[in-house]
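# Structural features, examined
Here's the letter readout for the chains.
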Amino acid sequence: MFSYVPPIDDYRFLLTQVLGFDRAMADVGKDIDADLAAAVLEEAGRMCAERLHPLNRHADEEGSRLVDGRVETPAGFAEAWRDFAAAGWTSLSAAPEHGGQGLPFILQLWLDEMMAATNLSFGLFPGLTRGACETIAAHASDTLKATYLPPMVSGEWTGAMALTESGAGSDLALLKAKAVPHGDGSFAVTGQKIFISSGDHDFGGNIVHLVLARLPDAPAGVKGISLFLVPKFLPDAEGGFMVRNGMSVGALEKKMGIHAQPTCVMNYDEATGWLVGEPHKGLTAMFTMMNAERLMVGIQGLGIAGAAYQQAAAYAKERLQGSSADAARGPVAIIEHADVRRMLLHIRAFVEAGRALAGWTALQLDRAHHHSDAAERAKADALVALLTPVVKAGFTDFGFDSAVLAQQVFGGHGYIREWGMEQYVRDARIAQIYEGTNGVQAMDLVGRKLALAGGAVAEGFFDLIAADLSMAEGHPVAEKVREALDLLRATTASLRGAGVDAAGAAAVDYLRLFALVSMGWMWTRMATTAQGDSALHQSKRAMADFFAQRMLPQAHGLVASITAGEASIMALGAEAF
């Protein structure tokens, strides 16, 4: 494999010329400018390129193992975790009151991109820990916060979320795990959970599980679910955490990809836990973590696509096959062949627009948390809610497609393990499934998010895009994006009040349309900003043209599919399948 090159120049371009980072930080009261942000990202990129990327292939081959009830991660993972935590990367965006650095979330999200690009299995450990911290900080008692957050933020301890059961996946109303009060404020949690990423490991320190379970008096359905903090180790009389709790790893899932990540079957046998949030309000608390994880998962698709592009582009410039277009030279590097360029450009057009849209969304998240004006906080929070399923599902769909295209550039060598491309394909696939399958995300967008504030949130987002397009009036890319935006607005209006089958039939195509228009918006911003003669500016203008001419026209086909309705999908009876 070729070395990984962190996209620092692209990050700097977005911070300084596209996203208005310095102004955004002034609006939320954070004392950091684009130069310092780029320096932080440069150090993060060095950690990912030099420590995590070299571990990726052998860790995939070795995998995590369950030995005498204990999880052993691949060689080098525990040491890498200690180095990662010691360098402060686990605390990057965490609140200072819990020991965090309080840096902007855009740096966190782009660090997530580089971790996904270099070692997706490893990146799940800090990502899940961060999500658990955010949930505890938002919903737990002051005692739980003081006890658990500082060591989790520092990386001494890690976190995991335990939702799924064998009979309760997307439909958590079927959940059966139970929690019985001890009488001292703690609970005995009993049940089995599956698909628990980072459920156990050999890094040392505690592992804090957030577990969904039912209290004895719980009403049926999702309104009867509570959330519990269940640590691997309990406090002893001296205040240390050396007492083993009643939880164990029953098995490790044998998976298509992310082999180095220990995905556990967890058994809780009257394990001691504490309530997080209110009784029977566990989903409200858990969605704090799930929404954070959905953004992270979307960035996993982006990261893998970017890494796969780097490998495929480097290979295409070295691999000699075939003759030049005029047959005057041969063999030539395959980068000269139009079809190879087509595949590479499709990947790159997604990656660079996705990176920009992720950055814009991250700035809205900081605005939602830190702006002094409550109305501005609410507006930004609604925009993040609207875009979360788009980032999660859109980026992971495009990310998987990108991994497959990059593998195709390698031809037969892409199917061989030594080049690493087949691992990208295997690893990328899970991102379309976990943290809510992409079909569920699409239904969330159509069924819930379009209805926020009576549709005003979506219309407000479209107005933001339209305002930028008006400023770029006459630009060929902006005009094509305007055409696609008009299609999106009309399609959105047609879906309001749609029945369950109609919404379900349209949802996936609609989300892709929404993602394409959003990326077109980012390409308009980049193309109209990049007016210099530098190689970076020239490439941005060329990539914007490619996106507008070769990818954005998909909008017309998507609209035709959406407006066809559900009749052809629902025509066959179930027995005919």
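Residues numbered from 1 in each chain as written. Predicted model: local features only at pLDDT ≥ 70, side-chain atom pairs only at ≥ 80, totals over all residues. Heavy atoms only, no water.

### Re the nonpolar core
Where a protein is soluble and globular, its nonpolar side chains tend to be buried together. Core analysis: the biggest nonpolar cluster contains 202 residues, and Phe-461, Tyr-510 and Phe-514 have the highest contact counts within it. The leading source of residues in this core is helix 7 (residues 282–318), at 20 residues. Residue contacts for Phe-514: discarding those within four places in its chain leaves Leu-386, Leu-387, Val-390, Leu-445, Leu-450, Phe-461, Phe-462 and Leu-488. (Core = buried A, V, L, I, M, F, W, Y, C linked by side-chain atoms within 4.5 Å. Buried < 20%, exposed > 50% of the residue type's maximum accessible area, 1.4 Å probe, protein only. Helix = DSSP H or I, 4+ residues; strand = E, 2+ residues; numbered from the N terminus. Contact = heavy atoms within 4.5 Å.)

### Some points on the pattern of salt bridges
All chains considered together, the criterion is met by 31 salt bridges. Here Arg-51 makes a salt bridge to Asp-83, at a shortest N to O gap of 2.7 Å. Placement of the pair is Arg-51 in helix 3 (residues 34–62) and Asp-83 in helix 4 (residues 77–86), with a sequence separation of 32 residues. On the basis of relative accessible area, Asp-83 is assigned to the partly exposed category, the value being 36%. Taking the shortest distance from any N to any O, the salt bridge between Arg-355 and Glu-113 comes out at 2.7 Å. With a gap of 242 residues between them, Arg-355 in helix 8 (residues 338–370) and Glu-113 in helix 5 (residues 105–139) connect regions that are remote in the sequence. For the pair Arg-355 and Glu-113, a shared accessibility class is recorded, and that class is buried. Among the charged side chains, a network of salt bridges with common partners joins Asp-10, Glu-113, Arg-348, Glu-352, Arg-355 and Lys-540. (Salt bridge = Lys/Arg side-chain N within 4 Å of Asp/Glu carboxyl O.)

### Things to note about helix 12 (residues 456–471)
Taking 1.5 Å of rise per residue, the 16 residues of helix 12 would be expected to cover 22 Å, and the 22 Å separating its terminal C-alpha atoms lies within 8% of that figure. The secondary structure elements touched by the buried residues of helix 12 are helix 8, helix 9 (374–409), helix 13 (476–495) and helix 14 (500–529). (Expected span 1.5 Å × (residues − 1).)

### Regarding the side chain of Ser-324
Relative to the assigned elements, Ser-324 resides in the loop between helix 7 and helix 8. From its side chain, Ser-324 meets the backbone nitrogen of Ala-328 in a polar contact 3.3 Å long. Not counting the four nearest positions on each side in its chain, Ser-324 is found in contact with Arg-329, Val-332 and Glu-336. (Polar contact = N/O pair within 3.5 Å; in protein donor to acceptor, adjacent residues only side chain to side chain.)

### Points about the pairing of strand 11 (residues 263–276)
Burial analysis of strand 11 places eleven of its 14 residues in the buried class, which makes it a mostly covered element. When strand 5 (residues 187–197) meets strand 11, the two strands line up antiparallel, connected through eight bridges. In the strand pairing of strand 11, Ile-196 is matched with Cys-264. The sheet contact formed by strand 7 (residues 226–231) and strand 11 spans three bridges and is antiparallel. Looking at the pairing, Leu-229 lines up with Trp-274 of strand 11. In the sheet, strand 10 (residues 247–252) pairs with strand 11 via five bridges, with the strands oriented antiparallel. (Pairing = 2+ DSSP bridges.)

### Description of helix 8
Look at helix 8: 48 Å from first C-alpha to last across 33 residues, which is about the 48 Å you get at 1.5 Å a residue. In terms of burial, helix 8 is largely enclosed, as 25 of its 33 residues are buried.

### Things to note about the environment of Ala-75
Checked against the element boundaries, Ala-75 lands in the loop between strand 2 (70–72) and helix 4. For Ala-75, a relative accessible area of 45% gives the class partly exposed. Distance in space between the C-alpha atoms of Ala-75 and Ala-292 is 29 Å, their sequence separation being 217 residues. For Ala-75, the contacting residues outside a window of four places in its chain are Leu-55, His-58 and Glu-62.

### Description of the side chain of Asp-366
The residue Asp-366 is located in helix 8 in this model. Every residue in contact with Asp-366, bar those within four places of it in the chain, is listed here: Met-25, Val-28, Lys-30, Pro-104, Phe-105, Ile-106 and His-371.

### Re the packing of aromatic side chains
Using the criterion set out here, one finds 27 aromatic pairs in the structure. Summarising the aromatic geometry, the rings of Phe-77 and Phe-122 are spaced 5.6 Å apart at their centres and angled 80 degrees between planes, so their arrangement reads as edge-to-face. One end of the pair, Phe-77, is in helix 4; the other, Phe-122, is in helix 5, with 45 residues separating them in the sequence. Given a relative accessible area of 0%, Phe-77 falls into the buried group. Ring geometry for Phe-461 and Phe-514: centres 5.6 Å apart, planes at 5 degrees, overall stacked. Highlighted residues: Phe-461 in helix 12 and Phe-514 in helix 14, separated in sequence by 53 residues. With relative accessibility at 0%, the residue Phe-514 sits in the buried group. The side chain of Arg-429 reaches across the aromatic face of Phe-400, ending 5.7 Å from its centre. The aromatic ring of Phe-398 is capped on one face by Arg-512, whose charged end is 4.2 Å from the ring centroid. (Phe/Tyr/Trp six-rings, centres within 6.5 Å; stacked < 30°, edge-to-face > 60°. Lys NZ or Arg CZ within 6 Å of the ring centre and 35° of its normal.)

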